[in-house]
2 protein chains.
Amino acid sequence: MRQSQTLIPTLKETPADAEIKSHQLLVRAGFIRQTASGVYSFLPMGNKVLKNVEKIVREEMERAGAAEMLMPALQLSDLWKETGRWEKMGPELMRLHDRHDREFALGATHEEVVTSIVRDEVKSYKKLPLSVFQIQTKFRDEQRPRFGLLRGREFVMKDAYTFHTNEESLDEAYKKMYQAYQNIFTRCGLNFRAVIADSGAMGGKDTHEFMVLSDIGEDTIAFSDTSDFAANIEMAPVNVTYAKSDEAEAALAKVDTPGYKTMMEVSEFLGQPLDKGIKSLLFKVDERFVLVLSRGDHEINDIKLKNALDASSVELATEAEVQQLFHAEVGSIGPINVPDDIEIVADYAVEAITNGYAGANEDNTHYKNVNPDRDFKISSYQDLRFIMEGDPSPDGQGIIKFAKGIEVGHIFKLGKFYAEKLGAKYLNEQGKQETMIMGCYGIGVSRTLAAIVEQYHDENGIKWPQEITPYQVHLIAVNPKNEEQSKLAEEIYKELQKQNISVLFDDRKERPGVKFADSDLIGLPIRITVGKRAGEGYVEYKVRDNGEQDELHVSELVNKINTHQ
Amino acid sequence: MRQSQTLIPTLKETPADAEIKSHQLLVRAGFIRQTASGVYSFLPMGNKVLKNVEKIVREEMERAGAAEMLMPALQLSDLWKETGRWEKMGPELMRLHDRHDREFALGATHEEVVTSIVRDEVKSYKKLPLSVFQIQTKFRDEQRPRFGLLRGREFVMKDAYTFHTNEESLDEAYKKMYQAYQNIFTRCGLNFRAVIADSGAMGGKDTHEFMVLSDIGEDTIAFSDTSDFAANIEMAPVNVTYAKSDEAEAALAKVDTPGYKTMMEVSEFLGQPLDKGIKSLLFKVDERFVLVLSRGDHEINDIKLKNALDASSVELATEAEVQQLFHAEVGSIGPINVPDDIEIVADYAVEAITNGYAGANEDNTHYKNVNPDRDFKISSYQDLRFIMEGDPSPDGQGIIKFAKGIEVGHIFKLGKFYAEKLGAKYLNEQGKQETMIMGCYGIGVSRTLAAIVEQYHDENGIKWPQEITPYQVHLIAVNPKNEEQSKLAEEIYKELQKQNISVLFDDRKERPGVKFADSDLIGLPIRITVGKRAGEGYVEYKVRDNGEQDELHVSELVNKINTHQ
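Residues numbered from 1 in each chain as written. Chains lettered and ligands numbered in written order. Predicted model: local features only at pLDDT ≥ 70, side-chain atom pairs only at ≥ 80, totals over all residues. Heavy atoms only, no water.

Trainee: I would appreciate a short explanation of the overall build of chain A in the present structure.
Mentor: Within chain A, the secondary structure is distributed over 15 helices and 31 strands. If you line up chain A on its principal axes, its C-alpha atoms span 95 × 65 × 45 Å. Sorting the 565 residues of chain A into buried and exposed places 56% on the buried side. By sequence separation, contacts in chain A at least 24 residues apart represent 68% of the contacts at least 6 residues apart. Accessible area for chain A stands at about 23,800 Å²; split by element, carbon and sulfur atoms hold 45% of it. Separation of charge centres in chain A, based on 69 positive and 91 negative side chains, amounts to 6 Å. (Helix = DSSP H or I, 4+ residues; strand = E, 2+ residues; numbered from the N terminus. Buried < 20%, exposed > 50% of the residue type's maximum accessible area, 1.4 Å probe, protein only. Contact = heavy atoms within 4.5 Å. Areas by Shrake-Rupley, 256 points an atom, 1.4 Å probe, with all protein chains shown as cover. Lys, Arg positive; Asp, Glu negative; His and termini not counted. Charge placed at Lys NZ, Arg CZ, Asp CG, Glu CD.)

In structure tokens:
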């Protein structure tokens, strides 16, 4: 493509509203333009890279045995009401009425539509399992659209859905999808982790998020420094054996701790290490209260607590509730002499504490030489805390590190939630009706694009990885008015096209400095500059990624490009 | 693809709401399903043919030098208000509010968005001309969605836009697009015509519609039986020389025509040929009245009248207006003794009438032996009538025939309408600001698919043309439980895939009759049936288009398929 004939409106200045690198660079390099908050146009270069990501996704989905389809954006509200998501999605779901006043949602996702289609068309076990996907525009009215393509209101997504008669079949599909996702993000050149995630309230089982490691990510991942273990920090189990010290148990004693409330303050005031503290938090668990203990240097993980207590909701008790039940302020409550009807549960780490300290259920007072089981009863020890950096990895290999991640994909064993709500049933081999079991699998296609730029750039611009780059070669004629240069550049342009090497030809009448700056910004893998030595047939060959450059004779070009990795 | 692993829900019965063949067959063959009125899901086979049409469109657009981009469906109302189309589009434009109560349109077309992007990014003549396109989902809330994919409310469209500094540049782009459209519809296998169309009120100039010939079409095309001339009947000029007879002019005479009002009635009553009648119609042209004459067997064409009189609106006068001005009823008015301030214009054919008949401006009375110019004054003769079958073609080659057509494409010289409304200006070589000149070019992609099926089917199902077919070969194992058949079918399946021949493998446990019926319905070009002679390595090879069949040894298959046209 001749640069003079397409639309690549590069900018010198960073747009004021662009907080992160991918947003800044995709706008500055002329790949995207915002047309409304969270709504973008993909200009020709942006469209090319988007289509390249789509191509990878499509190929890997097909390899995983999924058949592509295309469902509509306009979805009748009836379906969403059947699953309860018409209410649940709240203002994020965009809604409209047609001329006959029928209510529609703009597809934020397609579980409802695909399940209704399969319900209507698949009646027998013979037609299962079934695996379908689409690459399609989605609409979500985010409260705060930001970060360019990372969190938009209209975006391109790949969503896949599988339907099964049994769990084993779902497990198999899940594994295939897991592998397909590994392939996709690897081909995109991304440094990512498949992360064990929270399956939430929808009755699902396994679920993994695919996270691209990046400081701007909004999620924290705990991963092993030696194995491929990775989990959302909320989901990472703690697999530590806490050794009890051989210190003799001393006599329980009250101490005044005037005005000292946090574990840190009390620890310093008592001159005792933080990991001898017993932190006591009162939680409201469904309709009852539970006192939850952890070591002073640990944090209770709500999701673990909820799962451990098989509860549907857990939240910290209010100050008023604490006062009413313990007649003490929040910073001074503890496990000794708690009201009879309040259960105490503790994280495993608490069991190993000898001669610790804890609140005394009197304002400004703590106990020291507290010994669990001797001084109070605990109904159960469980894994209740957040994993920390330095913990051993739960899989027994290596130690845990933290990183920030951008979620680009999500695979999920849905189970029967949607099939039950929408009545997606089939006849089994015995002629009996059963409910289908489902999986769903999403990839944020336009978001993946942004994640790629987050990982592939330097101070001068983007550095596109091989499979995503809009063109392989940026061909520049330094001075197109010079006949030798212009002639050689035109020849190279034709030859590369003939060799099926995609090339962007900067034939613009711009100063060389502008062309080079634009070229770095746009970030194609190889730059070929036709300049002073055009008459001898020599050009400059430069690799964007590592800056290596070379003078080459035109006769060597095609071979050199084809061996570039 | 194994048929057992994808979703091709064929139906024996024709869906009750499907009036036309393409709608019936695309539903019955399991290509599409309706999810709301005028809103369809493309199931895996439907998606494949859709993507094949898109591929052709994309390739030909790129060959024509257009760069692909992707604009959003969500469009701020502000832009539509700037061009006045927020009002003008009426209920066809789907509208919604976001959570912050900002008003959006769902893109029915993208003139506003693309013009605003180009306005913001292109400031100099150096960056023009520019040619961009997208393949994207559009939304139009049709009053009466019908005919399946032919008139939907959510559909896939290719829209292209070009921007220019002068008319010559627009002419050149228009020609390229015209050629690209010829290529696209030819590659789709369609019998179509590029038809001169009405450029309407938007200040445009040339415009062509690409019409697929089909009895279910809603437009009538006049085309030459020997040349490639074709025009919307509203737009076809009449290029006829009317010979005046050598009959002597007789004396004007009044005759009673009691109760005879239409030209046909008066003609029969008087025993005079229809083409001696002078039909007189009173039109309201902007703010004045004009009496318009045509030959009794001709029909006045409003658009020609409007253009001839350089009017912005023409409509037939009401009965009351006729009574008030002529003191006679509509069927009895004529050109003799008309009120002074009423101009008379006539179609060319009227000039050649000798001793004709016309209304006498008295109820139940006509004149006979009427001779134009002798008996009344005419301010001008013009081409005012509709072309008719049998007329000579306006290009001088052949005679005119009529056909019905489905509009699948439209190319249009927009001129400056949108650029002026939205302020899309550039600096010319002299540094002076000028307004851009635009063209726009649409193809109904999903509609084209329906048009293809209208032209490619028989009583048993679809017959996909070569470049559109979802798969090249339908491979059927008659009895998959038979080991020889199953083994040979599997071998052929693998071999065809290895040879890059796309194949749908019917491995279902269904009766042979069901498989054959489904196969005809789905309509892949070649069917290979593995049956009784599997043991000897012989299979049946059948061509869907012409029904030709053959027994072949498997060793001949690949060659046979590859030479199929």
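On we go from here.
Trainee: Is there a simple way to think about the environment of Ala-197 of chain A in this case?
Mentor: Residue and element names in this part refer to chain A. On the secondary structure map, Ala-197 appears in the loop between strand S9 (192-196) and strand S10 (207-213). The sequence separation of Ala-197 and Ile-411 amounts to 214 residues, and the corresponding C-alpha distance is 9.5 Å. The residues contacting Ala-197, other than those within four sequence positions of it, are Thr-207, His-208, Glu-209, Asn-232 and Met-235.

Trainee: Mind showing me how you'd approach the interface of chain A and chain B here?
Mentor: Many analyses report the size of an interface as the accessible area lost when the parts associate. Taken together, the contact between chain A and chain B spans 50 residues of the former and 50 residues of the latter. Both faces combined, the contact of chain A with chain B buries some 4,700 Å², and carbon together with sulfur accounts for 61% of it. Its largest share of buried area at the contact with chain B, chain A owes to Leu-70, Leu-74 and Arg-99 of chain A, together 14% of the area lost on that side. Viewed at the interface, chain B and chain A are joined by six salt bridges. Salt-bridge contacts for Lys-51 of chain B lead to Glu-68 of chain A; the nearest nitrogen and oxygen are separated by 3.8 Å. Our count for the chain A to chain B interface comes out at 14 residue pairs in polar contact (both at pLDDT 80 or more). Counted by class, the side of chain A that touches chain B contains 29 nonpolar, seven polar and 14 charged residues. (Buried area = accessible area lost by both parts, 1.4 Å probe. Salt bridge = Lys/Arg side-chain N within 4 Å of Asp/Glu carboxyl O. Polar contact = N/O pair within 3.5 Å; in protein donor to acceptor, adjacent residues only side chain to side chain. Nonpolar A, V, L, I, M, F, W, Y, C, P; charged D, E, K, R; others polar.)

Trainee: How should I be thinking about the relation of the copies chain A and chain B in this particular structure?
Mentor: Note: a rotation about an axis with an accompanying shift along it relates these two copies of the chain. Here chain A sits on chain B after a turn of 180° about the axis and a move of 0.0 Å along it, with an RMSD of 0.1 Å. As the rotation angle and translation indicate, the two copies are arranged about a two-fold axis. Distance from the rotation axis, computed per C-alpha, reaches its smallest value in chain A at Leu-96 of chain A: 2.6 Å. (Least-squares fit on C-alpha atoms with pLDDT ≥ 70 in both.)

Trainee: Is there a simple way to think about the sheet that holds strand S16 (residues 314-316) of chain A in this case?
Mentor: The pairing of strands in a sheet comes from backbone hydrogen bonds and takes either a parallel or an antiparallel form. Residue and element names in this part refer to chain A. As summarised here, the arrangement of the five strands in space is S16-S14-S15-S17-S20, forming an open sheet in which the pairing is mixed. With partners counted over all chains shown, the strands left at the sheet margins are S16 and strand S20 (380-382), one partner each. Pairs of neighbouring strands in the sheet enclose a mean axial angle of 35°, with direction left out of account. Sheet topology places strand S14 (residues 278-285) next to S16; three bridges connect them, and they run antiparallel. The residue bridging Lys-284 from the neighbouring strand is Glu-315, located in S16. (Pairing = 2+ DSSP bridges. Axes fitted to C-alpha atoms, helices over the stretch in contact; angles between N-to-C directions.)

Trainee: Explain the pairing of strand S2 (residues 39-42) of chain B here, please?
Mentor: Successive side chains on a regular strand alternate, one facing one side of the sheet and the next facing the other. Residues and elements named next belong to chain B. Of the two faces of S2, both are covered, the one formed by Val-39 and Ser-41 as well as the one formed by Tyr-40 and Phe-42. As defined by bridge partners, strand S1 (residues 32-36) adjoins S2 across four bridges and the pair is classed as antiparallel. Looking at S2, one finds that Arg-33 is bridged to Ser-41. Counted between consecutive antiparallel strands, the loop separating S1 from S2 contains two residues, among which Gly-38 sits at a positive phi close to 75°.

Trainee: How do you make sense of the domain arrangement of chain A when you look at a structure like this?
Mentor: We note that the domain assignment places domain 1 (50-71 + 110-237 + 402-453), domain 2 (253-382) and domain 3 (473-562) within chain A. With centres defined by C-alpha atoms, the gap from domain 1 of chain A to domain 3 of chain A works out at 42 Å. (Domains from an automatic or database assignment.)

Trainee: Please clarify how helix H6 (residues 167-187) of chain A should be interpreted in this entry.
Mentor: Since the α-helix packs 3.6 residues into each turn, any two residues three or four apart lie on the same face. Residue and element names in this part refer to chain A. Relative to the 30 Å expected for 21 residues at 1.5 Å per residue, H6 spans 30 Å between its end C-alpha atoms, a close match to the ideal helical length. Of the positions making up H6, those classed as buried are Ser-169, Leu-170, Ala-173, Tyr-174, Met-177, Ala-180, Tyr-181, Ile-184 and Phe-185. Projected down its long axis, H6 shows its buried positions confined to an angular sector of 130°, all on one face. Turned more than 90 degrees away from the buried face of H6, the exposed residues are Glu-168, Glu-172, Lys-175 and Thr-186. Capping the start of H6, Asn-166 holds a side-chain oxygen 3.1 Å from the backbone nitrogen of Glu-168, two or three residues further along. Positive backbone phi, approximately 80°, marks Gly-189, located one or two places after H6. (Expected span 1.5 Å × (residues − 1). Arc of directions from axis to C-beta.)

Trainee: Help me out: how do you make sense of the packing of aromatic side chains in this one?
Mentor: The way to describe two aromatic rings as a pair is by their centre distance and the angle between their planes. All names here are of chain A. On inspection of all chains with the given rule, the structure shows 20 aromatic pairs over all chains. An angle of 80° between the planes, with centres 6.0 Å apart, marks the rings of Tyr-181 and Phe-185 as edge-to-face. Of this pair, Tyr-181 and Phe-185 both sit in helix H6, four residues apart, which is roughly one turn of the helix. Here the two residues Tyr-181 and Phe-185 agree in accessibility, since each one is buried. (Phe/Tyr/Trp six-rings, centres within 6.5 Å; stacked < 30°, edge-to-face > 60°.)

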